[in-house]
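Observations on the three-dimensional arrangement
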Number of protein chains: 2
Amino acid sequence: MAFGFVAQQFVRLGKVLATSDHASVVSINLFVALICGCIVIGHLLEERRWMNESITALVIGVCTGVLILLTSKGKSSHILVFSEDLFFIYLLPPIIFNAGFQVKKKQFFRNFMTIMLFGAVGTLISFFIIFFGAIALLRNMDIGSLGIGDFLAIGAIFSATDSVCTLQVLNQDETPFLYSLVFGEGVVNDATSVVLFNAIQNFNPVHIDAIIILKIVADFSYLFLSSTLLGAFGGLLSAYIIKKLYIGRHSTDREVALMILMAYLSYMLTELLNLSGILTVFFCGIVMSHYTWHNVTECSRVTTKHAFATLSFIAETFLFLYIGMDVLDIEKWKFVSNSPGKSLSVSSILLGLVLVGRAAFVFPLSFLSNLTKNSPHQRIIFKQQVTIWWAGLMRGAVSIALAYNQFTRSGHTELRGNAIMITSTITIVLFSTVVFGLVTKPLVSFLLPHSAKHLSSMSSEPSSPQSLLSSLLEHGQGSVADGGGEILTRPSSLRMLLSKPTYTVHYYWRKFDDAFMRPVFGGRGFVPFSPGSPTEQSLHGRI
Amino acid sequence: MAFGFVAQQFVRLGKVLATSDHASVVSINLFVALICGCIVIGHLLEERRWMNESITALVIGVCTGVLILLTSKGKSSHILVFSEDLFFIYLLPPIIFNAGFQVKKKQFFRNFMTIMLFGAVGTLISFFIIFFGAIALLRNMDIGSLGIGDFLAIGAIFSATDSVCTLQVLNQDETPFLYSLVFGEGVVNDATSVVLFNAIQNFNPVHIDAIIILKIVADFSYLFLSSTLLGAFGGLLSAYIIKKLYIGRHSTDREVALMILMAYLSYMLTELLNLSGILTVFFCGIVMSHYTWHNVTECSRVTTKHAFATLSFIAETFLFLYIGMDVLDIEKWKFVSNSPGKSLSVSSILLGLVLVGRAAFVFPLSFLSNLTKNSPHQRIIFKQQVTIWWAGLMRGAVSIALAYNQFTRSGHTELRGNAIMITSTITIVLFSTVVFGLVTKPLVSFLLPHSAKHLSSMSSEPSSPQSLLSSLLEHGQGSVADGGGEILTRPSSLRMLLSKPTYTVHYYWRKFDDAFMRPVFGGRGFVPFSPGSPTEQSLHGRI
């Protein structure tokens with residue numbers, strides 16, 4: 001995210017942690033009480049499959065905002081203003097970390113190339129379509145002075161898929177393939193956004209040549225690799241410390257605390273270095289669930305699994321509540337109140353561009369991706385493509401944060417054009433979250449009625465020759481305990497492996513993992529493990 | 001704490017939650033990395049019994065402060081300034097809540113009267129001794145203009161026992177009796193402090209009569225009762241909601257989130273109402289561990305137990321680290337740098353008053369308390385009295401927060417007298433935490449070598465007639481499952497019960513609990529319970 005830039009402005013060694021000075025006890029009370037309300041109401045609405053927690057929170061947030069506005073007669077609407085830092089420093093890390101911690105790693109890495117294609121190339125396509133579309137359609141609409149930089153920002157803002165929304169509408173257990181694609185795309189998207197924002201800062205529209213494009217590609221590669229490696233390093237360091245020192249011998253609390261803090265530290269370090277914190281903390285979560293989680297005591301395993309999920313759950317609920325309340329901030333709507341039609345048409349145009357922009361890369365790139373797959377089972381069928389297109393349409397807190405960063409100066413919207421862009425962003429976020437969010441679940445069950453069964457069978461492919469290898473890889477893990485990867489039978493045909501690069505990479509990674517990584521960093525099979533424990537049950541549910 | 005007053009000043013509906021605007025990514029990185037360091041070092045030092053985590057954190061904090069000062073050449077020392085709100089809003093609630101959640105309830109309520117005596121009357125005695133002592137000794141020392149209000153504040157500041165320090169030096173399992181007394185005193189002390197600060201605000205030294213004293217007593221009773229009831233209400237509400245809706249059916253995360261948020265809400269509500277948040281959240285923890293904890297799923301039980309402990313652990317480590325770094329803020333020391341001897345002598349005088357003030361109530365009140373006990377096993381022996389006196393001498397973050405509240409205006413110490421009071425407070429906190437903290441553990445093992453065995457036998461008293469009742473009450477819980485308390489054998493002699501009011505209260509409470517409270521709010525025996533689970537093991541370690 002472009003948070004790096006914002007962060008730099010705020011990085012000063014001044015009276016730093018004393019910032020809660022202005023935190024109001026009243027608003028903390030209000031928010032905590034509302035989150036409790038959301039949890040209870042969310043529980044009561046659980047049975048209704050078209051409803052989800054985020055929409056409940058959003059609606060409750062809007063209602064509370066209305067109540068506050070009415071009781072205070074519009075004066076204290078500033079309680080509702082969205083804070084980028086609150087979002088990037090406190091709410092986003094636990095959500096993304098937990099997603100990495102609980103992600104089905106096999107599914108994720110199997111689709112890695114497709115995810116990269118969608119996240120990197122797809123975001124770029126979407127960005128350019130929205131950018132040029134906005135220039136063509138908005139420039140003649142008399143909505144104040146918007147420069148080329150503003151239009152570039154609009155492209156970046158509305159091509160940012162919201163991973164948090166994806167978590168809400170797609171179920172990892174029901175549609176593991178779609179979940180890994182759309183959510184993974186959202187994570188990679190973050191790195192693309194940072195690169196885009198970097199590029200926009202030094203953009204010169206007159207002078208575009210191959211070198212600049214190469215530079216952008218190089219930037220992306222550097223950013224992606226360094227962020228990923230930092231996350232992996234944080235995860236491995238925690239695994240190594242916990243394994244070497246065997247901290248659980250003395251205290252479960254130390255293990256849990258160390259895991260939380262190391263993950264958070266890797267996120268904050270990455271933000272400090274202007275890299276992609278979301279990528280880092282996501283891979284840190286993956287590495288931690290692969291190594292660190294197996295090194296800790298049983299109590300810590302249960303605790304981390306649920307504590308991380310709870311933290312993420314609270315952060316998500318708070319986030320949507322907060323977005324809902326932010327909508328009612330009066331100041332933003334003052335500028336557009338005399339031309340509501342214009343604001344509405346800008347919102348509609350941008351929403352249309354979002355729809356087109358996403359369609360423009362999901363279908364072509366799916367086609368490209370299908371070309372590389374031999375087995376028809378592995379291909380992305382058209383109905384899945386429609387779902388991928390639809391499920392990634394939601395825009396959320398990331399878009400709002402980016403819009404605030406671009407179009408406000410210290411929380412105030414002074415220019416008319418900027419005010420319209422802010423209100424349009426909020427309109428689109430609200431509309432897409434509620435409408436697309438409500439429709440996605442029914443759409444998935446309409447388009448892919450047997451998705452759960454179909455897709456899980458697809459991922460293990462019982463009839464293909466790969467399934468032998470893959471099931472060996474899967475079930476051979478128990479016997480890997482004695483140290484090396486040699487016991488894995490080498491597949492008979494080398495050519496087959498070459499024709500399946502993903503499997504080859506997976507096979508050699510597994511060998512390396514067993515021969516070097518696990519003995520050093522721990523992991524399943526390399527730590528005492530008592531069968532029949534509740535942890536084992538929960539363990540089966542994962543990976 | 002006097003936080004109520006401070007809170008009132010900050011309670012404004014302004015741009016409230018956007019306060020992390022100024023939070024620096026750098027300092028968050030620094031703090032998180034340091035906490036990780038503290039955890040690892042604390043683990044390595046675990047074997048050395050004279051060391052504890054808080055002192056490690058304090059020392060690391062001071063060292064980091066020195067490093068920052070040296071590298072920045074004294075310019076950026078303001079990163080180190082202590083924030084009251086950070087302390088009262090974020091750090092204190094998890095620490096005290098966890099203490100209530102993990103406290104040995106039986107031990108705590110058995111000593112309830114003594115705890116109240118120490119916490120209420122004792123704090124008052126200590127307050128007056130320090131107040132008059134400071135007037136007598138400091139008034140003629142030429143340390144700037146200190147009014148009567150300042151001296152009253154000094155009395156309140158230095159009579160505030162720090163519960164957090166107590167947690168660090170006394171072990172609940174080794175010395176349950178002393179732990180419950182000293183820690184319980186610290187909790188009740190908080191209510192007394194609020195009353196004292198209220199009284200000080202409207203204090204008129206010319207006009208003291210019986211009515212004012214009665215008013216203070218009434219204030220204390222009101223504050224104590226309302227805070228306790230609010231905490232109990234929060235706990236019961238969470239138990240009722242979770243039991244009625246059986247939230248765990250759908251999601252473990254909801255249960256855990258609801259418990260955390262309800263506890264925090266009750267704390268913040270109490271602070272909003274200018275009551276004692278520490279009392280509230282402590283009793284909320286007790287009620288939650290008695291009812292709510294038994295209503296949730298097994299996973300949630302393990303998670304809450306360890307997650308709360310981890311949160312508390314992180315908050316404690318952060319707190320001591322923070323105090324250590326705060327010490328190095330140059331501005332505070334500027335005023336006293338030309339008269340270091342004076343600051344040192346003021347600190348010594350105040351430290352002496354703290355020692356005398358605590359001695360003046362521990363020994364007399366122990367004597368009083370012993371008068372009401374018939375059995376010699378129940379009495380507080382002299383060696384225990386010395387330990388109680390010593391273990392409660394530490395002054396910590398609460399004292400610093402109160403001193404900042406009284407002697408600074410928006411973070412700056414302008415008057416010379418005020419600057420000396422701030423530096424003296426810091427000196428005393430540092431000295432008492434490090435020196436008294438280091439000495440307490442060896443002192444306990446020297447004075448009470450068989451404390452663990454001796455005291456646990458003392459609390460169950462195998463030879464006295466009460467032991468039959470108390471062991472029935474203890475072990476009868478398993479059979480209580482079938483609904484009523486009738487299966488408890490009624491003790492033969494009513495007179496015996498009358499001579500032991502604590503046991504009588506406990507007996508009738510148990511009856512009421514079994515007949516009404518547990519059926520409504522759940523609790524052990526009223527929810528499905530699978531034996532042999534790890535929860536049961538951890539459950540045996542508690543209560």
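Chain A has the name Sodium/hydrogen exchanger in an unreviewed UniProt entry, where Ensete ventricosum is given as its organism. For the record of chain A, the UniProt heading Sequence similarities (unreviewed entry) holds the text "Belongs to the monovalent cation:proton antiporter 1 (CPA1) transporter (TC 2.A.36) family." Among the UniProt annotations of chain A, the heading Subcellular location (unreviewed entry) holds the following wording: "Membrane".

What to know about the overall build of chain A
What chain A contains, in helices and strands, is 23 helices and zero strands. In chain A, which comprises 543 residues, the proportion classed as buried is 61%. A sequence separation of at least 24 residues applies to 84% of the contacts in chain A between residues at least 6 apart.

A closer look at the environment of Ile213(A)
Residue and element names in this part refer to chain A. Along the chain, Ile 213 falls in helix α10 (residues 210-245). Given the relative accessible area of 49%, Ile 213 is considered partly exposed. Between the alpha carbons of Ile 213 and Ala 199 there is a distance of 9.8 Å; along the sequence they are 14 residues apart.

Remarks on the packing of aromatic side chains
Residue and element names in this part refer to chain B. One pass over the full model with this rule turns up 63 aromatic pairs over all chains. Ring geometry for Phe 318 against Tyr 322: centres 5.5 Å apart, planes inclined by 25°, an arrangement best described as stacked. Pair noted here: Phe 318 and Tyr 322 are both in helix α13 (residues 298-326), with a separation of four residues, about one helical turn. Of the residues examined, Tyr 322 reaches a relative accessible area of 0% and is grouped as buried. Through successive ring pairs, a cluster of aromatic residues spans Phe 108, Phe 109, Phe 112, Tyr 179, Phe 183, Phe 220, Phe 224, Phe 282 and Phe 283. Sitting over the face of the ring of Trp 293, Arg 301 holds its NZ or CZ atom 6.0 Å from the ring centroid.

Some words on the pattern of salt bridges
All names here are of chain B. Under the criterion given, the structure shown has eight salt bridges over all chains. When the shortest N-O distance is used, the salt bridge between Asp 219 and Lys 215 registers 3.3 Å. Here Asp 219 and its partner Lys 215 are both found in helix α10 (residues 210-245), four residues apart, which amounts to about one turn of the helix. A relative accessible area of 28% means that Asp 219 is categorised as partly exposed. Arg 518 is the salt-bridge partner of Asp 513, the closest N and O atoms lying 3.0 Å from each other.

Structural notes on a nonpolar patch on the surface
Taken together, the side chains of Leu269(A), Leu272(A) and Leu273(A) define a hydrophobic patch exposed on the protein surface, amounting to about 230 Å² of accessible area. Tracing the sequence through the fold places Leu273(A) in the loop between α11 (252-272) and α12 (277-295).

Looking at unusual backbone geometry
All names here are of chain A. The phi dihedral of Asn 274 is positive, around 60°, even though this residue is not glycine. Topologically, Asn 274 is positioned in the loop between α11 and α12. Relative accessible area serves as the criterion here: at 23%, Asn 274 is assigned to the partly exposed category.

A word on the packing of helix α15 (residues 340-371) of chain B against helix α18 (residues 416-447) of chain B
When two helices pack together, their arrangement is captured by the angle between the axes and the distance separating the axes. Residue and element names in this part refer to chain B. Running from N to C, α15 and α18 point in directions that differ by 55°, and their axes come no closer than 9 Å. For the element pair α15 / α18, the angle class is oblique. In the packing of α15 onto α18, the handedness of the crossing is right-handed. Only Arg 416, Ile 420, Met 421, Thr 423, Ser 424, Thr 427, Ile 428, Phe 431 and Phe 436 of α18 make contact with α15, whose side of the interface consists of Lys 342, Ser 343, Val 346, Ser 347, Leu 350, Leu 351 and Leu 355. Within the contact of α15 with α18, the residues separate by chemical class into nine nonpolar, five polar and two charged.

Side note on the environment of Leu265(B)
Note that Leu265(B) resides in helix α11 (residues 252-272). For the pair Leu265(B) and Arg416(B), spaced 151 residues apart in the sequence, the C-alpha separation amounts to 40 Å. In this view, Leu265(B) contacts Asn29(A), Val32(A) and Ala33(A); residues no more than four positions away in its chain are not counted.

Definitions and limits used
Residues numbered from 1 in each chain as written. Chains lettered and ligands numbered in written order. Predicted model: local features only at pLDDT ≥ 70, side-chain atom pairs only at ≥ 80, totals over all residues. Heavy atoms only, no water. UniProt positions renumbered as here; feature names shortened; annotations may be inferred. Helix = DSSP H or I, 4+ residues; strand = E, 2+ residues; numbered from the N terminus. Buried < 20%, exposed > 50% of the residue type's maximum accessible area, 1.4 Å probe, protein only. Contact = heavy atoms within 4.5 Å. Phe/Tyr/Trp six-rings, centres within 6.5 Å; stacked < 30°, edge-to-face > 60°. Lys NZ or Arg CZ within 6 Å of the ring centre and 35° of its normal. Salt bridge = Lys/Arg side-chain N within 4 Å of Asp/Glu carboxyl O. Patch = residues over 30% accessible without salt bridge, like charges linked within 9 Å, V, L, I, M, F, W, Y side chains within 5 Å. Areas by Shrake-Rupley, 256 points an atom, 1.4 Å probe, with all protein chains shown as cover. Axes fitted to C-alpha atoms, helices over the stretch in contact; angles between N-to-C directions. Parallel < 35°, antiparallel > 145°, perpendicular 65-115°, else oblique. Left-handed = near helix turned anticlockwise from the far one by under 90°. Nonpolar A, V, L, I, M, F, W, Y, C, P; charged D, E, K, R; others polar.

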